[in-house]
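Coordinates in review
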Amino acid sequence: MNVLLGVGGSDLSYRALDETLTRASETGDDLTVAVYEDEDAADDVETVARRVRERVEESGVEATIRRIEGSSPGSDLVNIAESEDFDRIVLGGGNRSPLGKIQLGSIVEFVLLNAQTPITLIR
């Protein structure tokens, strides 16, 4: 399976990275990690890229790491997934509100509403 993982620096995106690396090591999935700037995350894009590189190296999984530079990371993720024939997009997101509803960030919401590629949301 050819997997595109989006990582923007939130705790949930790092969790998605860890889980996706574990799966890729077990299944041999081809993994591309797309690092982007998420204004809702505490880490800047340089810190995110560094942390992703460190975790990929620690895992022993061969993964391509690329940066999304555009102002619309959700749109860029959808375009990359569709134009490069990825089988799945993986994103971390989906906090629960006090009433138990799932709250999505704008990037995750955009991808969920617009991608034709299947999506795995890791919470």
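To keep things clear, this report deals only with the structure shown in the data block.

**Describing the overall build of the chain**
- Check the secondary structure of the chain and you find four helices and seven strands.
- Computed over its C-alpha atoms, the radius of gyration of the chain comes to 13 Å, within 12% of the 14 Å expected for a compact globule of 123 residues.
- Taken along its principal axes, the extent of the C-alpha atoms in the chain is 40 × 30 × 30 Å.
- Counting across all 123 residues of the chain, residues that qualify as buried make up 42%.
- A separation threshold of at least 6 residues defines the contact pool for the chain, and within that pool the share at least 24 residues apart is 72%.
- In the form shown here, the chain has an accessible surface area of approximately 6800 Å², with 41% of it arising from carbon and sulfur atoms.

**A few points about the layout of surface pockets**
- If you add up the space inside the largest pocket, you get close to 290 Å³.
- Lining the largest pocket are 17 residues, with Ser10, Asp38, Asp40, Asn95 and Gly105 sitting closest to its centre.
- Taken together, the elements giving at least two residues each to the lining of the largest pocket come down to helix 1 (11-27) and helix 4 (106-114).
- Considered class by class, the residues forming the lining of the largest pocket number five nonpolar, nine polar and three charged.

**Structural notes on the packing of aromatic side chains**
- Considering all chains together, one arrives at zero aromatic pairs under this definition.
- The positively charged end of Arg51 is found above the aromatic ring belonging to Tyr14, 3.8 Å away from the centroid.

**Some thoughts on the nonpolar core**
- Judged by nonpolar contacts, the single largest core of 19 residues is most densely connected at Leu5, Val7, Leu17, Val33, Val35 and Val52.
- Those elements giving two or more residues to this core turn out to be strand 1 (2-7), helix 1, strand 2 (30-35) and helix 2 (45-59).
- Among the nonpolar cores identified, the runner-up in size contains 15 residues, and Ile68, Phe86, Ile107 and Val111 belong to it.

**Things to note about the pattern of salt bridges**
- Counted according to the given criterion, the structure contains eight salt bridges.
- Among the ionic pairs, Glu54 bridges to Arg50, the shortest N-O distance being 3.4 Å. Of this pair, Glu54 and Arg50 are both found in helix 2, four residues apart, which corresponds to roughly one turn of the helix.
- Overall, Glu54 belongs to the partly exposed group, its relative accessible area being 36%.
- By sharing partners, the salt bridges in this structure join Glu46, Arg67 and Glu69 into a single network.

So, how was this worked out
Residues numbered from 1 in each chain as written. Predicted model: local features only at pLDDT ≥ 70, side-chain atom pairs only at ≥ 80, totals over all residues. Heavy atoms only, no water. Helix = DSSP H or I, 4+ residues; strand = E, 2+ residues; numbered from the N terminus. Rg over C-alpha atoms; globule rule 2.2 N^0.38 Å. Buried < 20%, exposed > 50% of the residue type's maximum accessible area, 1.4 Å probe, protein only. Contact = heavy atoms within 4.5 Å. Areas by Shrake-Rupley, 256 points an atom, 1.4 Å probe, with all protein chains shown as cover. 1 Å grid on protein atoms, 1.4 Å probe; cavity = no way out; pocket = protein on both sides within 12 Å on 5 of 7 lines; lining within 4 Å. Points joined across faces, edges and corners; volume = space filled by probe spheres on them. Nonpolar A, V, L, I, M, F, W, Y, C, P; charged D, E, K, R; others polar. Phe/Tyr/Trp six-rings, centres within 6.5 Å; stacked < 30°, edge-to-face > 60°. Lys NZ or Arg CZ within 6 Å of the ring centre and 35° of its normal. Core = buried A, V, L, I, M, F, W, Y, C linked by side-chain atoms within 4.5 Å. Salt bridge = Lys/Arg side-chain N within 4 Å of Asp/Glu carboxyl O.

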